[in-house]
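A look at the structure
If you want the building blocks of each chain, they are given just below.
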Amino acid sequence: MGLRRTSWMHLSALCRRAPLSTAPAAREQPAAGPGAEPVCGPAETARPPVPAVDFGNTQEAYRSRRSWELARSLLVLSLCASPALLARHEQLLHLARKLLGQRLFNTLMKMTFYGQFVAGEDQESIRPLIQHNRAFGVGSILDYGVEEDLTPEEAERTEMESCSSALERDGCGVSKREKQFQAHRAFGDRRDGVTSARTYFYASEAKCDSHMETFLHCIEASGGASEDGFSAIKLTALGRPQFLLQFSDVLTKWRRFFHHVAAEQGKAGLAAVDTKLEVAALQESVVKMGIASRAEIEDWFTAETLGVSGTLDLLDWCSLIDSRTELSRHLVVPNMQTGRLEPLLSQFTEEEERQMTRMLQRMDVLAKKANQVGVRLMVDAEQTYFQPAISRLTLEMQRRFNVERPLIFNTFQCYLRDAYDNVILDVELARREGWCFGAKLVRGAYMAQERARALEVGYEDPINPTYEATSAVYHRCLDYVLEELKHNARAAVMVASHNEDTVRFTLRRGPCVFDVCSASQLRPSILQRLSGHQWLVTEVCTGQPARGGMEELGLHPADRQVYFGQLLGMCDQISFPLGQAGFPVYKYVPYGPVMEVLPYLSRRALENSGVMKGAQRERQLLWQELKRRLCTRSLFHQPA
């Protein structure tokens with residue numbers, strides 16, 4: 001099978017099993033060798049307190065901006081808030097280009113939308129902006145914003161061809177993948193309903209090589225821009241998405257099989273981290289299902305691979321999809337509809353297997369380059385039907401490259417119902433295996449598309465029910481990770497958020513917002529049920545005080561464990577006060593020719609109108625600062 005002959009994807013052996021807890025706890029750390037980083041909390045020596053940050057002080061927030069730049073921001077953000085203009089923005093752009101001609105149109109865009117959200121046309125032209133922001137404490141994450149200008153029909157055709165196997169396209173085989181992990185023509189254009197993420201469509205292996213070269217240039221430029229740079233990549237840019245769909249289907253079915261067996265053992269409804277199977281009973285189940293004989297499964301569950309507790313948890317279970325075991329050739333699970341056993345892995349053609357291998361090789365090239373130039377590599381999250389495979393492949397890179405410091409960062413989308421489970425499982429796996437945990441927390445970019453697809457195709461909606469529920473999950477995940485950072489100086493997190501409340505929560509955690517009703521109005525039984533769903537209850541909901549933020553946990557900005565990230569042209573009132581106070585904060589800095597980044601600009605406009613409700617506060621602060629400069633006769637302010 002294709003999955004068994006890939007290069008570095010083979011899973012490393014798990015350490016002896018340690019108890020899996022739902023909250024980080026102080027634990028014994030290995031002795032530090034010469035030159036090693038400290039592995040306990042922040043230094044014992046006295047340090048200045050965590051700096052206070054005032055997001056409402058416009059004079060400090062916009063100290064790096066000239067008045068005409070503030071006026072441009074106010075104009076652009078105000079236009080983005082107009083539903084009438086946004087509904088017709090593509091037609092208006094086309095009309096303006098027709099009336100003005102290409103040269104004047106480019107000039108107009110650079111004075112307005114392009115100038116607000118895009119740094120320049122190439123890496124040379126964006127250098128002054130990068131250096132300017134750096135002088136005010138804000139780093140840069142370079143992002144080549146060019147996209148192919150495909151029609152919806154072209155995008156749909158390309159997606160259907162690249163997400164189906166050769167047998168499926170030829171009509172010689174029926175896909176055994178679940179509906180969620182099959183290509184659906186109605187959702188072939190993955191750009192629909194996406195407001196803040198660039199979309200890649202598979203064209204050819206040569207195009208994937210071109211994307212890899214672009215990522216390499218961004219990594220090199222990020223390494224030259226700062227000593228602690230970041231770069232971001234998307235795995236759908238690096239290979240055929242068919243592999244991601246098939247591998248995601250495998251991982252999801254295998255995880256579901258674990259919970260199916262857990263239900264047979266009377267352990268249904270427990271959180272993933274608390275579910276442990278009795279190995280003896282599991283072996284009996286495997287034999288009864290006809291997956292393998294008793295003699296064959298004796299080597300699967302040994303003290304060497306699973307420890308000596310006699311139980312097996314979800315991390316142990318997932319480690320069994322591994323070339324180290326003979327289980328790979330037995331990867332079958334019961335089909336809940338037919339009651340028959342079906343193979344998890346489909347055979348790849350020779351060409352499909354070569355394409356899959358080249359995708360892994362491109363990831364390897366990028367990770368090695370990032371390691372060489374000292375740049376941290378963030379793997380962006382994508383749609384849920386790709387994400388299980390993306391997370392697993394990112395995990396393999398982390399095992400390989402996060403040995404001394406967190407070089408590879410996985411991205412967790414907190415609008416997903418299972419986000420909290422995924423965070424704590426990855427933290428626990430990093431503890432067991434001894435590599436450095438690195439994560440980027442985002443709310444998510446595909447909500448409308450995911451909801452519509454789940455409803456139309458007919459599978460469970462993976463998204464939290466409300467924005468407030470998503471915020472509660474985000475804060476819960478962040479709370480857990482910050483506690484981990486307190487005890488592990490080699491772990492790190494990027495708080496990628498434009499939400500001012502979330503940034504405040506990170507600095508000095510207060511009570512979370514609970515969007516159903518106050519905890520005192522909920523019966524304990526209801527709280528217990530909600531807790532099982534992982535998406536609403538936090539410590540504050542049970543009446544317990546929330547733990548402290550960076551200040552209370554002793555996580556100082558100088559430790560460079562907690563990073564912040566926002567998009568260029570948005571939320572400067574958050575980014576620059578953080579940077580000027582000494583916190584490591586970064587802007588996503590897109591660049592590219594005017595006409596080729598128009599799709600990116602369209603999404604920026606849509607995001608400001610929809611998701612970014614905080615843009616209204618930003619407009620108020622911009623107007624407040626312009627009035628202050630007018631009244632104090634400082635309209636010709638020069639940043640210094």
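Refer to the structure above for everything that follows.
Quick look at the structure, then. Residue positions are given per chain, counting from 1 as you read along its sequence in written order. Owing to the predicted nature of the model, reporting of local features is limited to residues with pLDDT of at least 70; listing and counting of side-chain atom pairs is limited to 80 or more, with chain, interface and lining totals taken over all residues. With hydrogens and water stripped out, all remaining heavy atoms of the structure feed into the side-chain values.

1. What to know about the packing of aromatic side chains
Only centres within 6.5 Å qualify two rings of Phe, Tyr or Trp (six-membered ring in Trp) as a pair; their planes then separate them into stacked at under 30 degrees, edge-to-face at over 60, and tilted for everything else. Scanning the entire structure with this criterion turns up 11 aromatic pairs. Summarising the aromatic geometry, the rings of Y144 and Y591 are spaced 5.1 Å apart at their centres and angled 55° between planes, so their arrangement reads as tilted. Placement of the pair is Y144 in strand β1 (residues 138-144) and Y591 in strand β12 (residues 585-591), with a sequence separation of 447 residues. With 5.0 Å between their ring centres and 80° between their planes, F230 and Y563 make a pair best called edge-to-face. With F230 in strand β2 (residues 230-233) and Y563 in strand β11 (residues 562-567), the pair connects residues that are 333 residues apart, well separated along the chain. Only protein chains enter the calculation, and the probe is 1.4 Å; a residue is then buried if its accessible area is under 20% of its type maximum, exposed if over 50%, and partly exposed in between. Note on F230: relative accessible area 0%, which makes it buried. Labels follow the DSSP assignment, with helices taken as runs of H or I lasting at least four residues and strands as runs of E lasting at least two, numbered in each case from the N terminus.

2. Considerations on the sheet that holds strand β7 (residues 376-379)
What makes two strands pair is DSSP finding at least two bridges between them. An order of β1-β2-β7-β8-β9-β10-β11-β12 is seen for the 8 strands of this closed barrel, with the pairing classed as parallel. Here the average twist between neighbouring strands, direction ignored, is 30°. In this sheet, β11 lies alongside strand β10 (residues 492-496) in parallel orientation, the contact comprising 4 bridges. Paired with A496 across the two strands is G565, which belongs to β11. Where helix α20 (residues 500-507) meets the sheet, it contacts β10 and β11, and its direction lies at approximately 170° from that of β11. We call two residues in contact whenever any of their non-hydrogen atoms come within 4.5 Å of each other. Between N-to-C directions, angles span 0 to 180 degrees; the directions come from axes that are lines fitted to C-alpha atoms, helices contributing only their stretch in contact. Strands β1, β11 and β12 of the sheet are contacted by helix α23 (residues 572-580), whose axis makes an angle of about 130° with β12.

3. Some points on the nonpolar core
Put simply, a nonpolar core is a bunch of buried Ala, Val, Leu, Ile, Met, Phe, Trp, Tyr and Cys residues held in one set by side-chain atoms that sit within 4.5 Å of each other. If you look at the biggest cluster of nonpolar residues, it comprises 60 residues, and the most contacted ones within it are L441, L507, V562, F564 and L578. Among all residues touching L578, those that are not within four sequence positions of it are V53, F55, V503, L507, F564, F583 and V585.

4. Things to note about helix α16 (residues 387-401)
Here a helix's expected span is defined as the number of its residues, less one, multiplied by 1.5 Å. Taking 1.5 Å as the rise per residue, α16 with 15 residues should run 21 Å; its terminal C-alpha atoms sit 21 Å apart, in good agreement. Taking burial as the measure, the 15 residues of α16 include 12 buried ones, the bulk of the element. Among the residues of α16, Q387, A389, I390, R392, L393, T394, L395, E396, M397, Q398, R399 and F401 are the ones counted as buried.

5. Concerning the side chain of K369
The residue K369 is located in helix α15 (residues 350-373) in this model. Discounting chain neighbours no more than four positions away, the residues touching K369 are L216, I219 and E220.

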